[in-house]
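Tertiary structure, described
Residue-level listing of the chains:
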Amino acid sequence: MISGAIALLSEAFPNHTPEELVDRLLASADNIWPNDQFVVAGSVTFGNGVQHSYSTEHGHGIMDIYAALQPITASSTPGGLSGLRVYVGSENLNDTSHSLLETTLATSLSFGDAIAEAVKGERNFFYDAMDGGFAYDISGHIRQSGLNAKTINVYSAVNNLKTLELDNNLEDESKLSHVKIGDRTELIKLSLTKGQATLPAQNFLKNDNQLIKNFTQYDTPYLSRHNNSLGLNAYIKTDKRSYFFGYNPKISDPENSDQLSELNDLSFADTNPFSSEKNWMKSTNNSERPGAYEVMSNVADRESTALSFGFNQTINENDTVGFIAGIADEENGFLGLRGTGAFTLKGAKTETIFSGVNYSSKVSETFSLRASALFASSQMDNQSNTMFYGSEDVLSDSYSLIGEKTDIFGNDKLEFAISQPNRVSSGSMNIRLSNLADMDGNITYTNKRISLDPSGRQIDVAFAYAKKFSKDFVMSTKFTQTSNLNHIKSSEKEYSSFVGAKYKKFLFGAAHMPYEDEFIFSYSTQF
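**Regarding the packing of aromatic side chains**
Evaluation of the coordinates by the stated rule reveals 19 aromatic pairs. Measuring from ring centre to ring centre gives 5.7 Å for phenylalanine 111 and phenylalanine 334, while their planes differ by 50°; the resulting arrangement is tilted. Residue phenylalanine 111 is located in the loop between β5 (104-106) and α4 (114-118), and its partner phenylalanine 334 is located in the loop between β14 (319-331) and β15 (338-340); the two are separated by 223 residues in the primary sequence. Pair check on accessibility: phenylalanine 111 and phenylalanine 334 agree, each one buried. On the numbers, 5.1 Å between centres and 20° between planes, the contact of phenylalanine 469 with phenylalanine 473 is stacked. Note on phenylalanine 473: relative accessible area 27%, which makes it partly exposed. Members of the aromatic cluster, each reached through a chain of ring pairs, are Tyr243, Phe245, Phe309, Phe311 and Phe323.

**What about the confidence of the model for the chain?**
Across the chain, pLDDT averages 80, with 80% of residues at or above 70. Counting interchain partners and residues more than four positions distant, the pLDDT-below-50 stretch residues 252-295 has 87 contacts.

**Re the sheet that holds strand β8 (residues 142-143)**
Spatial ordering of the open sheet is given by β8-β5-β15, a layout of 3 strands whose pairing is mixed. Strands with a single pairing partner mark the edges of an open sheet, and in this sheet they are β8 and β15. As paired strands, β5 and β8 are joined by 2 bridges and run parallel to one another. Across the sheet, residue alanine 106 finds its bridge partner in β8, namely arginine 143.

**Some details on the pattern of salt bridges**
Here the structure, examined in full by the defined rule, presents 7 salt bridges. Residue lysine 120 pairs with glutamate 117 through a salt bridge whose shortest N-O separation is 3.2 Å. Owing to a relative accessible area of 41%, glutamate 117 belongs among the partly exposed residues under this scheme. A salt bridge links glutamate 392 to arginine 449; its shortest N-O distance comes to 2.9 Å.

**Some words on the side chain of lysine 206**
One can find lysine 206 in the loop between α6 (199-205) and β11 (230-237). Here the side chain of lysine 206 touches asparagine 203 through a polar contact of 2.7 Å, side chain to side chain.

Analysis parameters
- Residues numbered from 1 in each chain as written.
- Predicted model: local features only at pLDDT ≥ 70, side-chain atom pairs only at ≥ 80, totals over all residues.
- Heavy atoms only, no water.
- Phe/Tyr/Trp six-rings, centres within 6.5 Å; stacked < 30°, edge-to-face > 60°.
- Helix = DSSP H or I, 4+ residues; strand = E, 2+ residues; numbered from the N terminus.
- Buried < 20%, exposed > 50% of the residue type's maximum accessible area, 1.4 Å probe, protein only.
- pLDDT = per-residue confidence, 0-100.
- Contact = heavy atoms within 4.5 Å.
- Pairing = 2+ DSSP bridges.
- Salt bridge = Lys/Arg side-chain N within 4 Å of Asp/Glu carboxyl O.
- Polar contact = N/O pair within 3.5 Å; in protein donor to acceptor, adjacent residues only side chain to side chain.

Written as structure tokens, this is what we have:
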């Protein structure tokens, strides 16, 4: 019976010596007997702190083949997961390792399910406290993006009725948020930004649609409407063209700086979607949201710099074309991915080259359109010991089409939008997988290149209508639909809707959303 057990173990653990196979049988023996029949005389400490008690009369207990074939750790019973190790870059089992449970790669919206699908079936090895190697599928390390579909914040939608304007206006460059430096009459005007993007990004991403504004604003990992670092800007305006230059250096915000005190007056909330429509993104551990994740700890701090250029060209009194181009350098990150343990992104260096174009047209006095497209190419290199050590030719893109029509039935407005948030369309990433260690504990690795191709394409559609019946009475309704949420084809379509009204000092609003319904009624007066 013992020889048969040894034969089974030697097949399951070909990297074990005969002595290690015997230790494994002893360390996994059943010594938990009823009625105190197993009298402990002492204990033996095996590799990596595994202790097992023995009896003078019964030895280490009854042989348990099933337990011997399971992972054995010092802090749990056989089969537990605590204390299991994975290796990446280390040459021997005695070298640096990572916790299996703390090894995670959380994807961003841009990748969808591309990484999870690409690594399915890719085999790696983890090790228990007895240095037993176990093959497993690394797709279990991948955590899908927990972003919810954009929904309607009933409080924001109702409050918007207080200041609703029903005229048709294209975006105005004067609404860009920055602090000017020097003489305002100079040809080249200089300015600083803080908490918001530099002027090229603000100009390209601006959106003054009142009813569906927060459904058509998308930040990308390399181009965002808000930025916590300082921004240096230059602005040149001619008769038919405006030029924008922006640079985000990798510097800290100086404390108690009188020179920058005016920056604190800039309104971050005006362009920050997390404050104005706080429900559109819920990356929380919500049991009703499949794939949602909690905030990860031990994630390397991302640092980035960006240099960008943009311009607006007035074609005629009704049509304007805009352009942006730039380069963004990111450290400790890659297009929003977050990694821990053996998937750490600490030391990663990412370079993204991006360009975009938009076209605004006032088709008539009551109808306007705006179309935008943004493209990027990203490369990442990570010299650290990590499973994810590089990428090649990762292309991503985003699109939107927004329309606005006023005076349909008199004193009213209709807004609509169809858009795709940033999506990786092609490219590859390089992963490093460990092979089974030999009897001396030496580890070799296999490098693989996997292709990135999300299964779906998220499309967001939004409609909103508002009508002012009189000075005192305004009504509004909205509807949104999201398909292929997070660029995952199997995701179900999600819908949200809203109806609200303002009558004198009374406000009413009700919204239906995929995971909750909201209702608000308020009355305000001044004393």
